[in-house]
Structure formats: structure tokens, C-alpha cells
Amino acid sequence: MNKITQSEWLVKLPLLQSVMEQKEVLWCNPSVELVAAGLLKTRLSKFDIVDASDRLERFAPYLAKVFPDTDKGIIESPLTPIPKMKQELEKAYAIHIPGKLLLKQDNALPISGSIKARGGIYEVLKHAETLAVSSELLDSTKDYSQFDTPRFRELFAKHKIAVGSTGNLGLSIGIMSAKLGFNVTVHMSADAKQWKKDLLRSKGVQVVEYIDDYSKAVEEGRRQAEADPSCHFVDDENSTDLFMGYAVAGERVAAQLKEQNITVDEAHPLFVYLPCGVGGGPGGVAFGLKLALGDHVHCFFAEPTHSPCMMIGMMTGMHDQVSVADFGLDNKTAADGLAVGTASAFVGKTMEPFLTGCYTVEDQTLFTLLKELADSEDIWLEPSALAGMTGPIQVIKSTLPSADSKNATHLVWGTGGNMVPEDEMKSYYHYTRK
Ligand SMILES: *Cc1c(COP(=O)(O)O)cnc(C)c1O
């Protein structure tokens, strides 16, 4: 951060003082624009989403065959009203939530139980398709269930896929790549959870551990992959493919809302709260939602008070040129999916005209909400996935127009949970302040 010093930022952006004090804050993005105007500022368009959506359709016969728990090969999750949790929130925060409260249950996504089953799996499938097409392996039926045959597996065995991840991205990339027959390596920091390493190894994934932190693992993974032309590196910070895989969620949610007779228009705004790490998952989903539903869907990113990298990056406009450490924050959080010190510049810049705001959540709040959701609705999310749950509180308390309308719908994106082993989940449930 050489251009402007910390104290100069504090004069320009007084909210940063509270961010540095690790308070729970809401930042409203002054650069948000109408969708049509925002689209002029990005090279991404609706066509990219349609392309991704069509590709996932092509792969449905294959996925249905190898992962029978998908819905006929479509990887999608329920959109669930959570009225009892709404009452819990109203009680806990002494606030009235006039609109509806829905949970998007990506914790229950098939194959890998988190939002990463959208982007991660999509990127692997796209790479597999590219290889199959260039090797002229697809027969004239064009039925993609042929990807589950020895001829395809033999091709993929000659190719490598690598990713650096301590968590859900590694699980998604690892599981999908191994199923197709790729030679797949997940680079992890040594502090990554043992159960994740065990699970990946049991599926034939190579797990490489690093004593250093996560960013070292990513850097080393990238370096090794770049030296090897047969290796495809999944780049969490810069991948358009990941982003588009996530973006397909937009049209899917639009269809689910319609099924539930929920309108989105000026009189019926939709507020969406998305837990944010490096930004690809929530960014892709929010981009897809804006294109599918238009100007009356308002998207917010949710981050831990110790790791608000996207908030700081977008607020300052410095994106990946600033880190949470520049503002005295330690990036230590139990929300392991969100423990990111520097946001993706690709996502931050792309989302500048589309994002309504960012807010932060304390770790203790995540654990309290985890227990309340389990007790009230019997839905079990991992700590990161609860960051969206205080969104309605933040937004209703703010001066944002129509947030407190009885016609508003509040949609909390539950980003993960089903892969967490039971004893681990129990320890989250019984978590007490350390
Ligand atoms: C990865 C992840 C996120 C955030 O996604 P990013 O692409 O890193 O911003 C949120 N919640 C869970 C459970 C995740 O695994």
C-alpha cells in the first residue's frame, strides 16, 4: 500500500476506523448502477452464462450416471423458507423483519456439499470437454454419458489438474477430477482439516501439504502447474470459468422463486446475502442474479470481522493491492472458507457496478446462529455459511430504501455444510467463546 497511507485512508473513508476495530459494519457501495449500465463496463455478458448453462445441460447425462444423487444430472439445491429462524433472529436482535426469509441450501448441493460444487465442478467439466473435443473422442451420438467409458478415462489419465485450497474448492475439484480419471493434485496448507485430506486421498486424489500458510500452497501449486503443459491449474482468484459456473445459479434461483410465487420488482425487492472469501463464488452468483432478475435484486457480500478483504478492496478501489493486514487485521477466523486476506481483483472490479454492499460478522455470531438454525429448522451449516444470516438485520437497520418493506424477500445463501463430519459439526454446535 504505497500510494496512500493508512491514516490518509481513514480521513477519506471514516468507516475504516470501525473495520480496524473489528466491529460489525455495513458498507454501501456508492458505485452501484443499473444492470444495463454496469454491463457496459465488463467483457462478461449473458451469453457467457448461457454458454455455461448449456454445457452443464450437455453433461447432465454423464453426471446422472456417475452421481445418482444429482437431480437427473443437474447440480442444484433447495430454496427453503425458514420462518422459525426468522422468529429467532427477531427475538435475538429485537427487530421486526417484515418480509420473507429464505435460505438457499447450497449446503445440500450434491457431489460436494458446498457452493464450490457450482464453479469448481463446472471448470473441471469444461476442461474435460475441451480435451475430448480436441482429441475427437466424442462419437456422433454426442451423448455425454460416454465420458464414463475407458476411452475417456485413458485420455484424462494423461492430463493433470491442480488446485491450491484448504477446503471446499479442493474437495469439489478433487472429487470431480478423480471421477473423470484425471491425475489430480490438491495443494493444501498443513493446518487444513485432517478429514478433508483423508476424504480426498480415499478418492485417489494426491494431497500435497505445505508447512507455510495457504497462499504459499497456492503459489507453489501454481508454479508447479505452470512448468507442466499437461497440467490445468484452477485459479481461484482469476478464473472466468469458475465465475460462470457460479453465475448459472442466477437463472436457477429465478425459476425457483417463480415456482414459489415470489415476484421480484420495484415493489417486491429481493435482498441476497452471500458469504465471501476470495470472491469468485459470491461474485459469480450475484452477477448471475443481477442478469436474471434485474435492478430490484440487491446483493451483499458477508465477511468475518477479521478478514474483510473484499470490503476493504472495493471501498478503497485498490482490490488486490491492499490486504487486511494493511489495516491491522490478523485474518484469523473460524470461518475457514472466508479466511482470505486479499480479495480477487477480477471479481472486485467486475462487481463494482453490481454489488449493493458488504458487511462484516463476528465469529461468535456465526456459532450462535449455527446453533439457532440447527435448533429451529434442523438445518446444519458450517460456520462460514452463516455469515449471510445477519444480512437482513444489517440491511433493515440501515437507511437503504424498502429493506423494511413487508413485500421484500431476504435470501440468505447457505454456502456449505453437508461434507462436514458429524463429530466436527457437533463441536461447532457446542462451541463456546475461547
Ligand atoms: C468458498 C466458500 C465461500 C466463499 O467463496 P469465495 O469464492 O472464496 O468467495 C463461502 N462459503 C463457503 C462454505 C465456502 O466454501
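Everything numeric in this text was worked out from a predicted model, so none of it was measured.

### A closer look at the domain arrangement of the protein chain
Reports often express the size of an interface as the amount of accessible area lost when the parts come together. Per the domain assignment, the segments of the protein chain are domain 1 (6-112 + 243-433) and domain 2 (116-238). Here the C-alpha centre of domain 2 lies 25 Å away from the C-alpha centre of domain 1. The contact between domain 1 and domain 2 buries some 3,100 Å² in all, and 63% of this surface belongs to carbon and sulfur atoms. Counting the surface domain 1 buries against domain 2, the share from its top three residues, Phe59, Tyr62 and Tyr246, is 22%. Put simply, domain 1 and domain 2 have 8 salt bridges between them. Residues Arg118 and Asp106 are paired through a salt bridge, measuring 2.7 Å at the closest nitrogen-oxygen approach. If you look at where domain 1 meets domain 2, you find 10 residue pairs in polar contact (both at pLDDT 80 or more). At the level of secondary structure, the elements contributing two or more residues to the side of domain 1 that touches domain 2 comprise helix H4 (46-66), helix H11 (240-247), helix H12 (249-259) and helix H18 (422-429). Considering each element in turn, the side of domain 1 that touches domain 2 owes the most residues, 11 residues, to H4.

### Topic: the site of the ligand
Close to the ligand lie 14 residues, the nearest being Lys116, Asn168, Gly279, Gly281 and Thr415. At 2.7 Å from an oxygen atom of the ligand is found a main-chain nitrogen or oxygen belonging to Gly281. Notes on the ligand: free accessible area 380 Å², of which the protein chains cover 97%. Here the shell around the ligand gets 3 residues from one element, more than from any other, and that element is helix H13 (residues 280-293). Of the residues belonging to the shell around the ligand, the class tally is 5 nonpolar, 7 polar and 2 charged.

### Observations concerning the sheet that holds strand S3 (residues 100-105)
Pairing is mixed in the open sheet, where 7 strands are placed in the order S1-S10-S9-S8-S11-S3-S2. Because the sheet does not close on itself, it has two edges, and the strands there are strand S1 (26-28) and strand S2 (79-81). Neighbour to neighbour, the strand axes of the sheet diverge by 25° on average, direction disregarded. Taken together, the 3 bridges between S2 and S3 define a ladder with antiparallel strand orientation. Across the sheet, the residue bridging to Thr80 is Leu103, located in S3.

Cut-offs used in this document
- Residues numbered from 1 in each chain as written.
- Predicted model: local features only at pLDDT ≥ 70, side-chain atom pairs only at ≥ 80, totals over all residues.
- Heavy atoms only, no water.
- Domains from an automatic or database assignment.
- Buried area = accessible area lost by both parts, 1.4 Å probe.
- Salt bridge = Lys/Arg side-chain N within 4 Å of Asp/Glu carboxyl O.
- Polar contact = N/O pair within 3.5 Å; in protein donor to acceptor, adjacent residues only side chain to side chain.
- Helix = DSSP H or I, 4+ residues; strand = E, 2+ residues; numbered from the N terminus.
- Near = heavy atom within 4 Å.
- Areas by Shrake-Rupley, 256 points an atom, 1.4 Å probe, with all protein chains shown as cover.
- Nonpolar A, V, L, I, M, F, W, Y, C, P; charged D, E, K, R; others polar.
- Pairing = 2+ DSSP bridges.
- Axes fitted to C-alpha atoms, helices over the stretch in contact; angles between N-to-C directions.

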